[in-house]
Amino acid sequence: AYAAGSGDVLLGIPDKVDGYEVAEVGENAIKENEELYVIYIPDSVNKIGESAFSGCTSLNKVLMSRSVDTIEANAFSGCDSIAELELLSSVKNIGEGAFDGVNSIKALPGSTGAEYADKNNLNFVEKSLKYVDLEIVKEPDKLSYNMDEELDVTGIKVVATGEDRTTKDVSDNIYYEFEDKKIG
């Protein structure tokens, strides 16, 4: 766990301290720091502890990594300067009162963040997922064609990976073009 002193305006949680990976922001770690405006949580962190940032009344921006999967109770309670907190779909566990005082939650529809916003009567801003990688998981049954043959995509499987590391089968959305002619 990592704890910081008062007076930090922009705080980047380090991914390592003394050679040890920082896996969580500990309970009450940065509680009631009224001078903290922006926090960056790196990929090494997967858990934000109970009341970790509670009472940080000037905190208005949280840059959270895709590895965070647990945000414990009251982690950001009283952080009423946060207009909108973006939660990635990697967050699967949110404790009671984790965002009391936060104005709105931005998340994917159907995600834990969206459910939390609904359950706790917070404003919800729908986030759209950007896909950053495509992978052909299974190639089509036939790989070579003559010029007069129609392309057969039977058996192809293509998976898109989102910026939050979620995956989606997009095989049904694939089409091919050849000489301005859509095939398949």
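Going by the structure above, here's the rest.
First things first, this report covers the structure right here in the doc. Bear in mind that the values here come from a model prediction, so they are computed numbers and not experimental data.

1. Quick look at the overall build of the protein chain
A tally of regular secondary structure across the protein chain gives 1 helix and 17 strands. Within the protein chain, buried positions represent 39% of all 184 residues. As displayed, the protein chain has an accessible area near 10,600 Å², and 43% of this comes from carbon and sulfur atoms.

2. A look at the sheet that holds strand β10 (residues 93–94)
As summarised here, the arrangement of the 4 strands in space is β4-β6-β8-β10, forming an open sheet in which the pairing is parallel. Both outer strands of the open sheet, β4 (24–25) and β10, are each paired with one neighbouring strand and no more. Relative to strand β6 (residues 47–48), β4 runs parallel, the two sharing 2 bridges. Following the sheet pairing, glutamate 24 is matched in β6 by lysine 47.

3. Some points on the nonpolar core
In this structure, Phe53, Ile71, Phe76 and Phe99 are the most contacted members of the largest nonpolar core, which totals 35 residues. Only β5 (38–41), β7 (61–64), β11 (104–107) and α1 (112–119) provide two or more residues apiece to this core. Beyond its immediate stretch of four places on either side in the chain, isoleucine 71 contacts Ile48, Met64, Phe76, Leu87, Val91, Asn93, Ile94, Gly95, Ala98 and Phe99.

4. Some points on a nonpolar patch on the surface
A surface patch of nonpolar side chains, amounting to about 310 Å² of accessible area, comprises Val9, Leu10 and Tyr37. Inspection of the secondary structure puts tyrosine 37 in the loop between β4 and β5.

5. Considerations on the packing of aromatic side chains
Enumeration according to the criterion identifies 3 aromatic pairs in this entry. Between the aromatic rings of phenylalanine 76 and phenylalanine 99, the centroid separation amounts to 5.9 Å while the plane-to-plane angle is 15°, which identifies the pairing as stacked. You can see phenylalanine 76 sitting in the loop between β8 (70–71) and β9 (85–86) and its partner phenylalanine 99 sitting in the loop between β10 and β11, a full 23 residues away along the chain. A relative accessible area of 0% places phenylalanine 99 in the buried class. Relative to tyrosine 116, the ring of phenylalanine 99 has its centre 5.3 Å away and its plane inclined at 85°; by these criteria the two rings are edge-to-face. Taken together, the positions of phenylalanine 99 in the loop between β10 and β11 and tyrosine 116 in helix α1 put the pair 17 residues apart, joining distant regions of the chain. As far as the burial class goes, phenylalanine 99 and tyrosine 116 line up, both buried. In this structure an aromatic cluster arises from ring pairing among Phe53, Phe76, Phe99 and Tyr116.

Reading guide: rules and limits
Residues numbered from 1 in each chain as written. Predicted model: local features only at pLDDT ≥ 70, side-chain atom pairs only at ≥ 80, totals over all residues. Heavy atoms only, no water. Helix = DSSP H or I, 4+ residues; strand = E, 2+ residues; numbered from the N terminus. Buried < 20%, exposed > 50% of the residue type's maximum accessible area, 1.4 Å probe, protein only. Areas by Shrake-Rupley, 256 points an atom, 1.4 Å probe, with all protein chains shown as cover. Pairing = 2+ DSSP bridges. Core = buried A, V, L, I, M, F, W, Y, C linked by side-chain atoms within 4.5 Å. Contact = heavy atoms within 4.5 Å. Patch = residues over 30% accessible without salt bridge, like charges linked within 9 Å, V, L, I, M, F, W, Y side chains within 5 Å. Salt bridge = Lys/Arg side-chain N within 4 Å of Asp/Glu carboxyl O. Phe/Tyr/Trp six-rings, centres within 6.5 Å; stacked < 30°, edge-to-face > 60°.

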